[in-house]
Amino acid sequence: AQRVTQPEKLLSVFKGAPVELKCNYSYSGSPELFWYVQYSRQRLQLLLRHISRESIKGFTADLNKGETSFHLKKPFAQEEDSAMYYCALRAFGNEKLTFGTGTRLTIIP
Amino acid sequence: DTEVTQTPKHLVMGMTNKKSLKCEQHMGHRAMYWYKQKAKKPPELMFVYSYEKLSINESVPSRFSPECPNSSLLNLHLHALQPEDSALYLCASSRDSPDTQYFGPGTRLTVL
C-alpha cells in the first residue's frame with residue numbers, strides 16, 4: 001500500500017524567510033513524487049515532480065529514498081506563495097495518484 | 001485549449017434525482033480521472049479511463065456511474081445519492097496513463 005504523510009496542517013512563515021513543507025511517504029517499490037498547489041479560488045495545479053529535478057517559482061524538492069521524504073523548500077518566501085500544498089505519490093507505471101492531507105502555507109507580510 | 005473544463009460549477013440535488021457531471025479536455029490527452037474531495041481533505045481517486053476504457057474503479061458505489069463517450073469527454077452519472085456524497089468532484093486528464101495529471105476546477109455537489 002502507498003501512503004503519504006504531511007505532518008503540518010498549517011504553516012506560517014514570514015515573508016523573506018525560508019520555507020520547508022514536509023512530506024514523507026511509505027511505499028516499497030519505485031515511487032514517483034509530486035507537489036501540487038492550490039491557490040485561493042484556483043484549481044489544483046502541478047508545482048513540480050521529482051523526476052524533472054527543476055525549480056518552479058523558486059521551489060525545489062529532492063527525493064530522499066533513505067529517509068522516504070520529498071520535502072518542498074524555498075529559500076525566501078513571498079506573499080504569493082500562500083496556498084494549500086499537497087504532496088502526492090504514484091507507484092512507477094501505475095495510474096493511481098495518492099495525495100497527502102495537505103499543508104496550508106500562510107506567508108506573513 | 002489547454003485546460004480541463006467541468007460543468008456545472010455547482011449542483012444541488014435530492015436523493016431521488018438523476019444528474020450528470022461533465023468534464024471536457026481538448027489537449028489530446030488519452031487518460032481521464034474522477035476524484036472526490038471532501039471539505040479539508042485531499043482528493044481521493046474514484047475512476048480512471050485510459051483510451052476510453054475503464055481501467056480503475058476504486059470500489060466506488062454503483063450510484064456513481066462513469067462514462068467516457070470519446071477521448072475528450074468524461075461524464076459522471078449520479079443516481080440515488082446520499083447526503084454524505086456531498087463533495088467537490090474533480091476531473092483530471094493526462095497525456096497518457098500514467099503521466100502528469102491536469103485538474104479541472106471541480107463541481108461542488110450538494111445532496112439534500
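Refer to the structure presented above.
Visitor: Mind showing me how you'd approach the packing of aromatic side chains here?
Guide: The relative placement of two aromatic rings is captured by the distance of their centres and the angle of their planes. This structure, assessed with the given rule, holds 10 aromatic pairs over all chains. Consider the rings of Phe 99 of chain A and Phe 103 of chain B, whose centres lie 6.1 Å apart with planes at 70°: the pair is edge-to-face. Here Phe 103 of chain B lies in strand E10 (residues 102-103) and Phe 99 of chain A lies in strand E10 (residues 97-99), a pairing that spans two chains. For the residue pair Phe 99 of chain A and Phe 103 of chain B, the accessibility class agrees, reading buried in each case. Here the aromatic residues Phe 34, Tyr 36, Tyr 86 and Phe 99 of chain A together with Tyr 33, Tyr 35 and Phe 103 of chain B are joined through ring pairs into a cluster of three or more.

Visitor: I'm lost on the sheet that holds strand E3 (residues 18-25) of chain B in this one. Help?
Guide: Strand pairing in a sheet relies on backbone hydrogen bonds, with the paired strands running either antiparallel or parallel. Residues and elements named next belong to chain B. Strands sit in the order E1-E3-E8-E7 across an open sheet of 4 strands; the sheet is antiparallel. Of all strands in the sheet, those with a lone pairing partner are strand E1 (4-7) and strand E7 (64-70), marking the two edges. Across the sheet, the mean angle separating the axes of adjacent strands is 20° when strand polarity is ignored. In this structure, E1 lies alongside E3, joined through 4 bridges in antiparallel fashion. Across the sheet, the residue bridging to Val 4 is Gln 25, located in E3.

Visitor: What's the story with the interface of chain B and chain A in this structure? I'm lost.
Guide: Reports often express the size of an interface as the amount of accessible area lost when the parts come together. Facing the 22 residues of chain B at the interface are 16 residues of chain A. Between chain B and chain A the total buried area reaches about 1600 Å² when both faces are included, carbon and sulfur atoms providing 53% of it. Three residues stand out in chain B for area buried against chain A, namely Pro 98, Thr 100 and Phe 103 of chain B, and they jointly supply 30% of the buried area on that side. The interface formed by chain B and chain A contains 3 salt bridges. One salt bridge in this structure joins Glu 58 of chain B and Lys 96 of chain A, with 2.8 Å as the shortest N-O distance. Summed over the shared surface of chain B and chain A, the number is 9 residue pairs in polar contact (both at pLDDT 80 or more). Residues belonging to the side of chain B that touches chain A are distributed by class as follows: 11 nonpolar, 7 polar and 4 charged.

Visitor: Got a minute to help me understand the pattern of salt bridges in this structure?
Guide: For side chains of opposite charge, pairing can occur when their charged atoms come near one another. Inspection of every chain in the model, using the stated rule, returns 14 salt bridges over all chains. Two residues, Arg 90 of chain A and Glu 32 of chain A, come together in a salt bridge whose shortest N-O distance is 3.2 Å. Of this pair, Arg 90 of chain A sits in strand E9 (residues 83-91) while Glu 32 of chain A sits in strand E5 (residues 31-38), placing them 58 residues apart in sequence. In this structure, Arg 90 of chain A and Glu 32 of chain A share a single accessibility class: buried. Note that Glu 24 of chain B is salt-bridged to Lys 22 of chain B, the shortest N-O span being 3.7 Å. Taken together, the salt bridges that share partners define one network made up of Glu 32, Arg 49 and Arg 90 of chain A together with Arg 95 and Asp 99 of chain B.

Conventions we followed
Starting afresh in each chain, residues are numbered from 1 along the sequence in its written order. Going through the entries in the order they are written, you letter the chains from A and number the ligands from 1. With the structure being a predicted model, the display of local features is reserved for residues of pLDDT at least 70 and the display and counting of side-chain atom pairs for 80 or more, all residues being used for whole-chain, interface and lining totals. As a rule here, side-chain values cover all heavy atoms of the structure and leave hydrogens and water aside. Aromatic rings from Phe, Tyr and Trp, taking only the six-membered ring of Trp, are treated as a pair when their centres fall within 6.5 Å; an angle between ring planes under 30 degrees marks them as stacked, one over 60 as edge-to-face, and anything in between as tilted. The secondary structure listing takes helices from DSSP runs of H or I that are at least 4 residues long and strands from runs of E that are at least 2 residues long, numbered from the N terminus. The buried label applies to any residue whose accessible area, calculated with a 1.4 Å probe on protein chains only, is under 20% of its type's maximum; exposed applies above 50%, and partly exposed to all values in between. When DSSP finds at least two bridges between two strands, those strands are taken to pair. Axis definition: a line fitted to C-alpha atoms, limited for helices to the stretch in contact. Angles are taken between N-to-C directions and run from 0 to 180 degrees. The contact criterion used is simple: two residues touch if any of their non-hydrogen atoms lie within 4.5 Å. A simple way to read buried area is as the amount of 1.4 Å-probe accessible surface that goes missing from two parts once joined, with both sides added. For salt bridges, the criterion is a side-chain nitrogen of Lys or Arg within 4 Å of an Asp or Glu carboxyl oxygen. In the analysis that follows, any N or O atom pair within 3.5 Å is treated as a polar contact, provided that within protein one partner can donate a hydrogen and the other can accept it, and provided that, for residues neighboring in sequence, both atoms belong to side chains. Only Asp, Glu, Lys and Arg are considered charged in this grouping, and only Ala, Val, Leu, Ile, Met, Phe, Trp, Tyr, Cys and Pro are considered nonpolar; every other residue, Gly among them, is considered polar.

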